[in-house]
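For reference, the chains in residue letters:
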Amino acid sequence: MIRVLLVDDQALIRAGFRALLDAEDDLEVVAEGGDGEQAVALALEHRPDVVLIDIQMPVLDGVEATRRIVGDPALDGVHVVVLTNYGLEEYVVDALRAGASGFLVKDTEPEDLLHGVRVAARGDALLSPSITRRLIGEFVARRPESFVPEAGILTAREREVVALVARGLSNDEIAVQLVISPATAKTHVSRAMSKLAARDRAQLVVFAYESGLVRPR
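Presented here is an overview of the structure given in this document. (Residues numbered from 1 in each chain as written. Predicted model: local features only at pLDDT ≥ 70, side-chain atom pairs only at ≥ 80, totals over all residues. Heavy atoms only, no water.)

1. With respect to the overall build of the protein chain
In step 1: Along the backbone of the protein chain there are ten helices and five strands.
In step 2: By residue count, 49% of the 217 residues in the protein chain fall in the buried class.
In step 3: The contacts of the protein chain with a sequence gap of at least 6 include a subset with a gap of at least 24, amounting to 69%.
In step 4: Looking at the protein chain as shown, the accessible area adds up to about 10,000 Å², and 50% of this sits on carbon and sulfur atoms. (Helix = DSSP H or I, 4+ residues; strand = E, 2+ residues; numbered from the N terminus. Buried < 20%, exposed > 50% of the residue type's maximum accessible area, 1.4 Å probe, protein only. Contact = heavy atoms within 4.5 Å. Areas by Shrake-Rupley, 256 points an atom, 1.4 Å probe, with all protein chains shown as cover.)

2. Concerning the sheet that holds strand β1 (residues 2–7)
In step 1: Strand order in the open sheet made by the five strands is β2-β1-β3-β4-β5, with parallel pairing throughout. Two strands close off the open sheet at either side, each with one partner strand: β2 (27–33) and β5 (102–105). Across this sheet, the average inter-strand angle for adjacent strands is 25 degrees, counted without regard to direction.
In step 2: Relative to strand β3 (residues 50–54), β1 is paired through four bridges, and the arrangement is parallel. Counterpart to Leu 5 in the pairing with β3 is Val 51.
In step 3: Those strands touched by helix α2 (residues 36–46) are β1, β2 and β3, and its axis lies near 135 degrees from that of β2. (Pairing = 2+ DSSP bridges. Axes fitted to C-alpha atoms, helices over the stretch in contact; angles between N-to-C directions.)

3. Examining the pattern of salt bridges
In step 1: Within the structure shown, the criterion is met by eleven salt bridges.
In step 2: Between Arg 18 and Asp 22 there is a salt bridge, with the nearest N and O atoms lying 3.2 Å from each other. Taken together, the residues Arg 18 and Asp 22, both in helix α1 (residues 11–22) and four residues apart, mark about one turn of the helix.
In step 3: According to the relative accessible area criterion, Arg 18 is partly exposed, its value standing at 28%.
In step 4: Residue Asp 22 is classed as partly exposed on the basis of its relative accessible area, which comes to 37%. (Salt bridge = Lys/Arg side-chain N within 4 Å of Asp/Glu carboxyl O.)

4. Concerning the nonpolar core
In step 1: Within the largest apolar cluster, 30 residues are counted, with the highest numbers of intra-cluster contacts made by Leu 5, Val 7, Val 51, Ile 53, Ile 69 and Val 82.
In step 2: Contributions of two or more residues to this core are made by β1, β2, α2, β3, α3 (62–71), β4 (79–84), α4 (90–98) and α10 (201–210).
In step 3: At five residues, the largest contribution of residues to this core is made by α4.
In step 4: Beyond its immediate chain neighbours, meaning those up to four positions away, Leu 5 contacts Val 30, Ala 31, Glu 32, Ala 39, Leu 42, Ala 43, Pro 48, Val 50, Val 51 and Leu 52. (Core = buried A, V, L, I, M, F, W, Y, C linked by side-chain atoms within 4.5 Å.)

5. Observations regarding helix α5 (residues 110–121)
In step 1: Here α5 spans 17 Å end to end across twelve residues, near enough to the 16 Å set by a 1.5 Å rise per residue.
In step 2: All of the buried residues in α5 are Leu 113, Leu 114, Gly 116, Val 117, Val 119 and Ala 120.
In step 3: Where the residues of α5 are buried, they touch β1, α1, β2, β3, β4 and β5. (Expected span 1.5 Å × (residues − 1).)

6. Considering the pairing of β2
Strand residues, when the strand is regular, have side chains that alternate between the two faces of the sheet.
In step 1: Taken across its seven residues, β2 has five buried, putting it largely inside the fold.
In step 2: Sheet topology note: the β1/β2 ladder contains six bridges and is parallel. When the bridges of β2 are listed, Ile 2 appears paired with Leu 27.
In step 3: In this view, the connection linking β1 to its parallel neighbour β2 by way of α1 has right-handed handedness. (Right-handed = clockwise from strand over helix to strand, strands pointing away.)

7. Some words on a negative patch on the surface
In step 1: Where like charges cluster on the molecular surface, the negative patch consists of Asp 107, Glu 109, Glu 111 and Asp 112.
In step 2: Mapped onto the fold, Asp 112 is located in helix α5. (Patch = residues over 30% accessible without salt bridge, like charges linked within 9 Å, V, L, I, M, F, W, Y side chains within 5 Å. Lys, Arg positive; Asp, Glu negative; His and termini not counted. Charge placed at Lys NZ, Arg CZ, Asp CG, Glu CD.)

8. Digging into α2
In step 1: Among all positions in α2, only Gly 36, Ala 39, Val 40, Leu 42 and Ala 43 are buried.
In step 2: Elements that come into contact with the buried residues of α2 comprise β1, β2, β3 and α3.
In step 3: Two or three places before Glu 37, at the opening of α2, Asp 35 has a side-chain oxygen 3.0 Å from that residue's backbone nitrogen.
In step 4: Just downstream of α2, Arg 47 is the residue with a positive phi angle, here 50 degrees. (Polar contact = N/O pair within 3.5 Å; in protein donor to acceptor, adjacent residues only side chain to side chain.)

Keep in mind that these numbers describe shape and distance, not what the molecule does.
This is how it looks when you write it as structure tokens:
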């Protein structure tokens, strides 16, 4: 069973998401909150698999709440997915930098929301390649002052793999692309994450754009 924490300051939004999630046999909403401080407290209380959290909320916004949840060793294994009404907004990139596993727009199709929760729960990045390329490419290009780890700490093959991760390829797809086994692809991804201190594939995507391994299209 995938345990989900819902955090949004609009009760009607929460009710709609809860009805959708609770209707699934493998999903369960364990708690709801209306602001970022509640998100952190409820995450510590319930230890959910996935936190669905709105970006813009009172008391504490979704970016800072994400940073606190992801940064708490007691919440290791909790995956945060940010919700937004907006498209290309810089704070979505801030949320990814803070450790979010991905993002969803609130008007996404129900099946896409359900799929996204399951993807995040298993530790994969919830990133639509077509949206991510534009979003990260646009805003990272405007932030040259941000600290970026040197791509040189990665091997040539690891840089190649990270670039493919940023283009939205799964481990199996990377294996086909590079003519290697899926296990080898997974190893390269894991080593790159370790060297870059990346929590998950979403942070690899941000790194790939910031370091120039992938250029905006």
